[in-house]
Amino acid sequence: MGVIDQMELDFLTNQQLLSFFHRKKTEISCIEQPHIFLSQLRDYDLLPEPLFEKVKKMHKRDQKQKGVYEVLDWLEKERSQHMHKFWRCVFKDHIVQKYPTLCLLKNQMPDAVISFSEEPPDAETLTKESEGIMKKAKQRKNTRKRNRDGKSSEDSGDPGPSSASTPTRKKPAKKPSFSSPVKKGDNQEIWMFPIYKTQLPVKCGDKEGTLYRDKLPKGEKCILARGLWFSPSEFEKFAGKEKSKNWKVSIRCRDTPLKKLIEENHLQCPPMERRKRKCVQKNKTKLFCISSSESSSPNSETTASSEEESDAEDFQEESRSSGGGSQIRSRVGDEEEDEMADLTVFQAPALPVTCVSLTGTLYKDRFATGRRGKSIRTEVRWFTPEEFVKEEPTLTDGLWKRDILCHGKTLNFLCKKKILQIHSLLCECVKCSPGPKDLMDQNNDDVCYACRCGQDLSCCDECPRAFHSDCHLPAVPEGSGKWICTYCVLKTSQQWRVSSNMTEQEAFDAPVSQYILQCHYLLLCMYKEDIQRVFVEDPRPNVDRYSEFISQPMWLDRIKSKLEDNKYLKFGEFVSDFRLIFSNCEKFNQDNEFGQLGAKLKEIFEEEIQKIFFIQ
């Protein structure tokens, strides 16, 4: 099945696209969560604001489907002349990644438009044909009746020489021939259509792909299927037809073998390469000539073997994935082979990763393989790469090496560049261990969430965070019972709390004892964000001339002690000490790196206050 791109839409007429749109309205109306789809139409001036707001207010699933269908019906009536604009709008990458239905339609469009373009006969033609068929059927009925009457009269007389049954002569079997699938009367075959000038949809067995016509005569890998490039013989093997050993016959375009297209000069065949054979001197043990391929070095044999193993692994991964859905997002092999002059962006111990709409952080020291080693952390939990891909709802055939990106590159690229080291299947390290205790340890962080140091950590039973007992607020109680950190407690309490639209002043005037949980949370946030621990301790012993400029010093440990000693009466007093830290930092450091760090912490602090108190 061919995949249409934005430029190839220009080859299709507005009427062809409108016909395709008419037949696919019901299918499009069934998409899940259509808000982004409708917003895209509105942003491209294809959907009026009143109709958008009307559908937006619908909450039930069946109501939304009816609403989307109403939108599509309105588009067909009022915007029928803008079909090129509509399909370009909904075939944008971020839209087809969000909606698998639109991804499938994008894949189906070339063949579907061609089949839709075959106009059905009009009513008059159908009436004449049906009358002719009825007339012929009536004549055959009368003929059979006369034959039966004649036979009965012959049976009443003596049997003659012609009464014995004469076997009918069988028609000679026709030799198989390759015929074009295009019906008589059609002016052009599919491979002569403008939209197939550079690409052709091909199929071998149950595998479908796209043949790039300019690559075939060069002998390059010219067939793209499921994000992988194949030569014709490799594609034949990929489809399980390697026993055929004749890709020109087994690979077809609309049921026509490539052999016929090559014979009719619609395709150019790759040049035949003759194997050069090199003769060696005869001796007692070597009596025949040896081909150059047979006399290759052991190193080349090792390389070929490793390449075959890599291809086999890719085939296994592709065969496990289902055929539908996400072909449009796959990355071709050429991109993976790009050389990067600068790999310094990958030197950090923790790397940002994405998978369509998901975001997370990959820790290189935790990585083992796709299935082992929970190395990707989100706000919710730790994942192996395979588990992370499965969390993305729009992926139906996700592969971790291909679909997880880091700085625009796939994890397959990072593995090839040895940035990530894949462990052996026989590895027995802690990350690869299947033991219950080792697996449980991987569910939480390896360092304290507040001070970023390891050892003797208490793990939260609701999230991946871990803390030292004295780093957490309040201190972690001794014992082996279930324990939940302040972050999770606050999150749970926020879910039950009704938004009261409290003003900032009302929150500041409240007793601090009423919001002790929020105070603990804000302190932990600042400890975590102060990575360099600049604001944790008293700055006067370590910073020269600090007291000359700052008359009222303040630091995080002092705020923590005042909170634990009940020195604060109102919540506003607690907040004032934080703001004193930030104002002192701005006054002393101005715009140097420490001043910028203080400004960043101040912004985070103010945002957290607005969030936890629902301040409008």
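Now for a look at the structure at hand. Nothing here was measured: the structure is a model prediction, and the numbers come from that model.

1. A closer look at helix 5 (residues 83–90)
Among the eight residues of helix 5, six are classified as buried, and the element is accordingly described as predominantly covered. All buried positions along helix 5 are accounted for by Met 83, His 84, Phe 86, Trp 87, Cys 89 and Val 90.

2. Digging into the packing of aromatic side chains
Inspection of every chain in the model, using the stated rule, returns 28 aromatic pairs. Centroid distance Tyr 212 to Trp 229: 5.1 Å. Interplanar angle 55 degrees. Geometry classified as tilted. On the criterion of sequence distance, the pair formed by Tyr 212 in strand 2 (residues 207–212) and Trp 229 in strand 4 (residues 228–230) is long-range, its members being 17 residues apart. Overall, the relative accessible area of 16% leaves Trp 229 in the buried class. An aromatic cluster of at least three residues, connected via ring pairs, comprises Phe 508, Tyr 515, Tyr 568, Phe 571, Phe 574, Phe 578, Phe 582, Phe 605 and Phe 613. Against the face of Trp 229 rests Lys 215, its NZ or CZ located 5.2 Å from the ring centre. Geometry around Tyr 449 places Arg 465 over its ring, the cationic atom sitting 5.0 Å from the centre.

3. A look at the state of the cysteines
Under the definition given, this model contains zero disulfides. As a non-bridged cysteine, Cys 427 has Cys 429 as the owner of its nearest cysteine sulfur, 3.4 Å distant.

4. A word on the packing of helix 20 (residues 516–529) against helix 22 (residues 556–564)
At a minimum axis separation of 11 Å, helix 20 and helix 22 run at an interaxial angle of 165 degrees. The orientation of helix 20 with respect to helix 22, classified from their angle, is roughly antiparallel. Taken as a pair, helix 20 and helix 22 cross one another with a handedness that is left-handed. Residues Ile 516, Cys 519, His 520, Leu 523, Met 526 and Tyr 527 of helix 20 form the contact with helix 22, whose participating residues are Leu 556, Asp 557, Ile 559, Lys 560 and Leu 563. Grouping the constituent residues of the contact of helix 20 with helix 22 by class yields eight nonpolar, one polar and two charged.

5. Section: the pattern of salt bridges
For the structure shown, the criterion picks out 25 salt bridges. For the salt bridge of Glu 529 with Lys 528, the shortest nitrogen-to-oxygen distance reads 3.5 Å. The exposure class of Lys 528 is buried, given its relative accessible area of 17%. Of the charged contacts in the structure, one is a salt bridge between Asp 577 and Lys 562, with a shortest N-O distance of 2.9 Å. Here Asp 577 is found in helix 23 (residues 571–589), whereas its partner Lys 562 is found in helix 22, with 15 residues between them in sequence. Relative accessible area serves as the criterion here: at 23%, Lys 562 is assigned to the partly exposed category. A cluster of three or more residues bridged by salt bridges with shared partners is formed by Lys 25, Asp 73, Glu 76 and Lys 77.

6. Side note on the side chain of Thr 369
As for its position among the elements, Thr 369 is in the loop between strand 10 (358–363) and strand 11 (376–377). Within the structure, the side chain of Thr 369 is placed 3.3 Å from the backbone nitrogen of Arg 371, a separation counted as a polar contact. A polar contact is formed between the side chain of Thr 369 and the backbone nitrogen of Arg 372, at a distance of 3.0 Å. Look past the residues within four positions of Thr 369 in its chain and what remains in contact with it is Pro 385, Ile 422 and His 423.

7. Observations concerning the packing of helix 18 (residues 486–496) against helix 20
Relative to each other, helix 18 and helix 20 sit at 130 degrees, their axes nearing to 10 Å. Taken together, helix 18 and helix 20 sit at an angle that is classed as oblique. For the pair helix 18 and helix 20, the sense of crossing is left-handed. In contact with Thr 486, Tyr 487, Val 489, Leu 490 and Ser 493 of helix 18, helix 20 contributes Leu 517, Gln 518, His 520, Tyr 521, Leu 524, Cys 525 and Lys 528.

8. Focus on helix 22
Here helix 22 has its buried residues at Leu 556, Ile 559, Lys 560 and Leu 563. Relative to the axis of helix 22, the buried residues are bounded by an arc of 100 degrees and lie together on one face. Positive backbone phi, approximately 60 degrees, marks Asn 566, located one or two places after helix 22.

Criteria and thresholds
- Residues numbered from 1 in each chain as written.
- Predicted model: local features only at pLDDT ≥ 70, side-chain atom pairs only at ≥ 80, totals over all residues.
- Heavy atoms only, no water.
- Buried < 20%, exposed > 50% of the residue type's maximum accessible area, 1.4 Å probe, protein only.
- Helix = DSSP H or I, 4+ residues; strand = E, 2+ residues; numbered from the N terminus.
- Phe/Tyr/Trp six-rings, centres within 6.5 Å; stacked < 30°, edge-to-face > 60°.
- Lys NZ or Arg CZ within 6 Å of the ring centre and 35° of its normal.
- Disulfide = S-S within 2.5 Å.
- Axes fitted to C-alpha atoms, helices over the stretch in contact; angles between N-to-C directions.
- Parallel < 35°, antiparallel > 145°, perpendicular 65-115°, else oblique.
- Left-handed = near helix turned anticlockwise from the far one by under 90°.
- Contact = heavy atoms within 4.5 Å.
- Nonpolar A, V, L, I, M, F, W, Y, C, P; charged D, E, K, R; others polar.
- Salt bridge = Lys/Arg side-chain N within 4 Å of Asp/Glu carboxyl O.
- Polar contact = N/O pair within 3.5 Å; in protein donor to acceptor, adjacent residues only side chain to side chain.
- Arc of directions from axis to C-beta.

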